[in-house]
Amino acid sequence: MGKPETIIDKIWKKHVVHQEEGKPDLLYIDQHLVHEVTSPQAFEGLRMNNRKVRRPDLTFATMDHNVPTINRQVVKDEISKKQMETLKQNCADFGIKLADMFHPDQGIVHVIGPQLGLTQPGKTIVCGDSHTSTHGAFGALAFGIGTSEVEHVLATQTIWQERPKSLNVKVIGDLGPGVTAKDLILAIIGKFGVRFGTGYVMEYTGEAIRNLSMEGRMTVCNMSIEAGARAGLISPDQKTIDYLEGREYVPNGEAFYKAAEEWLALATDEGATYDHTVTIQADEIEPQVTWGTNPGMCVPIGGNTPVVADSDHKEDVKRALEYMGLEENQPITSIEIDHVFIGSCTNSRLSDLEKAAAIVKGRKVKDHIKAIVVPGSFSVKLQAEAAGLDKVFTEAGFEWRESGCSMCLGMNDDIVPAGGRCASTSNRNFEGRQGNGARTHLVSPEMAAAAAIEGRFVDVRNFAGVLS
Amino acid sequence: MEAIQEHKGLVYPLDRSNVDTDQIIPKQFLKRIERTGFGEFLFYNWRFDDDGNPREDFTLNQQQYKNASILIAGENFGCGSSREHAPWALTDFGFKVILAPSFADIFYNNALKNGIIPIKMEEEQLHEWMQDAADSQFVLHVDLRNQQISDEKGNVITFDIPEYHKEKLLNGWDDIALTLLQENKILAYEANRN
Ligand code: SF4
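As recorded in an unreviewed UniProt entry, chain B goes by 3-isopropylmalate dehydratase small subunit and comes from Oceanobacillus profundus. Quoted verbatim from the Sequence similarities (unreviewed entry) heading of the UniProt record, the comment on chain B is "Belongs to the LeuD family. LeuD type 1 subfamily." The UniProt entry for chain B carries this comment under Pathway (unreviewed entry): "Amino-acid biosynthesis; L-leucine biosynthesis; L-leucine from 3-methyl-2-oxobutanoate: step 2/4."

With an unreviewed UniProt entry as reference, chain A is termed 3-isopropylmalate dehydratase large subunit, source organism Oceanobacillus profundus. A UniProt comment under Subunit (unreviewed entry) is attached to chain A, and it reads "Heterodimer of LeuC and LeuD." The heading Pathway (unreviewed entry) in the UniProt record of chain A holds the text "Amino-acid biosynthesis; L-leucine biosynthesis; L-leucine from 3-methyl-2-oxobutanoate: step 2/4."

## As for helix 5 (residues 147–156) of chain A
Residue and element names in this part refer to chain A. With ten of ten residues buried, helix 5 is to be regarded as a mostly interior element. Within the sequence span of helix 5, burial applies to Thr147, Ser148, Glu149, Val150, Glu151, His152, Val153, Leu154, Ala155 and Thr156. Once helix 5 finishes, Gln157 follows within two positions and takes phi at roughly 60°, a positive value.

## Here we look at the UniProt feature "binding site: [4Fe-4S] cluster" (unreviewed entry) in chain A
Residue and element names in this part refer to chain A. Following the UniProt record, the feature "binding site: [4Fe-4S] cluster" (unreviewed entry) maps to Cys345, Cys405 and Cys408 here. Spanning 64 residues, the named residues form one tight spatial group whose C-alpha atoms are at most 8.7 Å apart. The exposure class of Cys345 is buried, given the 27 C-beta atoms found within 10 Å. By secondary structure assignment, the location of Cys405 is in the loop between strand 17 (399–400) and strand 18 (421–424).

## A closer look at the site of the ligand
Residue and element names in this part refer to chain A. Of all residues adjacent to the ligand, which total 13 residues, the nearest are Ser344, Cys345, Cys405, Cys408 and Leu409. Taken together, the residues of the shell around the ligand sort by class into five nonpolar, six polar and two charged. Counting only domains with at least three residues in the shell around the ligand, you end up with domain 1 (7–161 + 243–261) and domain 3 (288–462).

## A look at the interface of chain B and chain A
Facing the 38 residues of chain B at the interface are 48 residues of chain A. Taken together, the elements giving at least two residues each to the side of chain B that touches chain A come down to helix 1 (21–24), helix 4 (105–112), helix 6 (163–171), helix 7 (175–180) and helix 8 (183–192) of chain B. Taken together, the residues of the side of chain B that touches chain A sort by class into eleven nonpolar, 13 polar and 14 charged.

## Digging into the confidence of the model for chain B
Taken as a whole, chain B shows an average pLDDT of 95; of its residues, 99% reach a score of 70 or greater. Interface predicted TM-score (ipTM) for the complex: 0.92; the corresponding pTM is 0.96.

## A few points about the UniProt feature "domain: Aconitase A/isopropylmalate dehydratase small subunit swivel" (unreviewed entry) in chain B
UniProt tags residues 1–123 of chain B as "domain: Aconitase A/isopropylmalate dehydratase small subunit swivel" (unreviewed entry). Taken end to end, residues 1–123 of chain B is 21% helix and 19% strand, and its first and last C-alpha atoms sit 30 Å apart.

## Brief notes about the domain arrangement of chain A
Residue and element names in this part refer to chain A. Each domain of chain A was delimited in the assignment, giving domain 1 (7–161 + 243–261), domain 2 (165–236 + 269–284) and domain 3 (288–462). Put simply, the middle of domain 2 and the middle of domain 3, counted by C-alpha atoms, are 22 Å apart. The interface is formed by 17 residues belonging to domain 2 together with 18 residues belonging to domain 3. Sort the elements by how many residues they give to the side of domain 2 that touches domain 3 and helix 6 (residues 181–192) lands first, with six residues.

Criteria and thresholds
- Residues numbered from 1 in each chain as written.
- Chains lettered and ligands numbered in written order.
- Predicted model: local features only at pLDDT ≥ 70, side-chain atom pairs only at ≥ 80, totals over all residues.
- UniProt positions renumbered as here; feature names shortened; annotations may be inferred.
- Buried ≥ 20, exposed ≤ 12 C-beta atoms within 10 Å, placed from the backbone.
- Helix = DSSP H or I, 4+ residues; strand = E, 2+ residues; numbered from the N terminus.
- Near = placed C-beta within 6 Å.
- Nonpolar A, V, L, I, M, F, W, Y, C, P; charged D, E, K, R; others polar.
- Domains from an automatic or database assignment.
- Contact = placed C-beta atoms within 7 Å.
- pLDDT = per-residue confidence, 0-100.

Following this line, the structure appears as C-alpha cells:
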C-alpha cells in the first residue's frame, strides 16, 4: 500500500491532463452543468472564435435561475425570456441535452444533478454557479466557475486549477434531536467565519456527517462556498451507493457493482493528512438563525443579536444591524417576519419538504405572512404531491409553486419587497439578495415552517412532535 | 483579452469587507446576454435609491471619484456568487486594478480573465492609501512587469502575483488558445478515460 491519501488527492491525480512546474494543473472535467444565466456569453465566445463544444455528451443544461414558478406559459419579463430562448438555441446549435422549463428533468441544477445520477463519486464537476459544491456530498470534486471558464470547459473539457490545499472539517459527536444539517453548516460558518475555506477544498468528516442522509450531506456541502471554499466534499459510503443505484445516468447491473467498488475505494484513507483541520462539537449545536448580511452572522435560536461594542468588526456589525432593521442585543425570538421561503438548492429536496410539512400539518400560517414552497425540481414536486405534501402546505396557507431558484435570488417575480423580512431556507443573506432592501434570515426548513406558524422565530424543538 | 503592463490612475476607497458579488452587480442585471454594458449597474443598490436617483452618501457618486480606475477594498472582496458579471461591471465602469487584503477564489480568477489586476496586499499600507484616497484625489502607479506600486509621496511597494497570471495579463493571452496547445494530451487522456 502506498501513502495514505485523502479523497481530494485521489480524485485530483486521476484527472491531471497536463502538469508543469510553476503552473496550475490542467484537469479533465467529467461533468459540466449549464444554466441560462452564466452561459450565454460563453457560447457567444465559442461562436466568435469558431469553436465547438468538445464533449456535448459530458454537458447537461437546464433552466432554473429565472424561470417563473407560477404560470410558466407566460414569461412576462422579455429579457428573462430572451435568456432562456438563447439557452435553448445554444443547446440546439451545439448538441447539448437540455431540460427546459417544461421538461420532466427540469429543476435547480444542483438538485437535478444528483437526482438524475449525473453526479457520481470521483467525478470532477463544474458549473457556472458557486453552489456547485453541493455535488461534493457524493464524493465528487465539484466547484463553481465563472463564464470565461464555462467557455473554456465547453471548448476543451478541461480547466486550469491550482492544486488546492485540503481542510478537514471534523464534526465530533452527533447532532441533537431537532437539529439539522442546515444548523450544522450555519454553525460551522458562524464559528469559523466566511473565509476560512478560501484556497481550500474542504472534506467534512466525523460521526455527525456519517449519520446525515444524502440530502443532509448535500445541504452541508452546498454552503461550503459561504465559508470561502470552492469545493466541499464527503467521502462516499454505503449511503452514497444506495442513493445512486437505479438512477438514470448511473450504470446498472454488473457495471454498477464494479463502479460502486471503485467509489467506495475513493474514501479518504485511514491516516491521510490534511493541510489544516478544524473541529466542531455537534452535540453543542442548536438550531441557528442568521441575524446579519452574511451567513457567518448567525446565532443559536436562544441567542441575541450582537452588541456592537463587543464585536471584532464593529463597522460591519453596525452596518448589518442597520440594514437588517434590528437592535443590538435583541433576542432572536423577538424578530417578527412577513415572508417565508422554503426552497433553493440548499433545502428544496423531498426530505426538506417532508420535514417542513410535518411542522405545518394541521396548523395555520400567521395571517399577514406570505409563505411559499418551491420544490427543487419538477420530480421533487411530483413526489411531494404523490405524498400529499402540497395539500398539507396549501391547507396551512402556503403557496405551492413550480420548481426553480425563485426567491433564493429573486430573478423572477418571487421577490421580498424592500423592508420585508424573510425566514428563508436558502444560503445567502446578502443585502438585496431576495429583493432590493429585503432582509433575509437563513434557517432550516423546520425552523422556517415554525416561523411561518408563529410569525416570529421560535425554537422548533418546542413544537409538538419534533422531538419524538 | 486586452494586454495590460502598467496602469496609473485615480484611487477609489471602498472601506468595506466581504463585498459580495451580489453587491457588485445585483441580480436584476444578470439577464443580459452580452459581456458589455454592465458598468452603469455597478454597486447599483449602493449607488442608487429606490427611484434610481444617485445616493449622495455613497462616495463613488462624488465628483472627485468620477474617473477612478483603481479600487481599494477590505478583505474577502468578491465573495459569494460566481457571476463574472462582477468583473464585467468593474471593467466596464473603468476599474483596472483592485487592491485588497484578500479576495474570494472565484472572483480572483474571474478578474484575471478580464484583464483586471487583483492585488493582495498588506493591510497597513492599504489602510494608509485608503485614507489618502478618502481625503483627496489620490493617484497610484501600478507596474505589473516589476510588480510594484508607487504613490506620489515616494512610497513604493512590491506585490506578489503568480507568474503565469502575470504572463497572461502582460500579453493578453486567450486561455483557450493556450490550452489547445496541449490538445494531444487531452486526446491521450480521453483515449484512456473509461
Ligand atoms: S437556488 Fe439560489 S443558490 Fe441555488 S443555484 Fe439557484 S440561485 Fe443559486
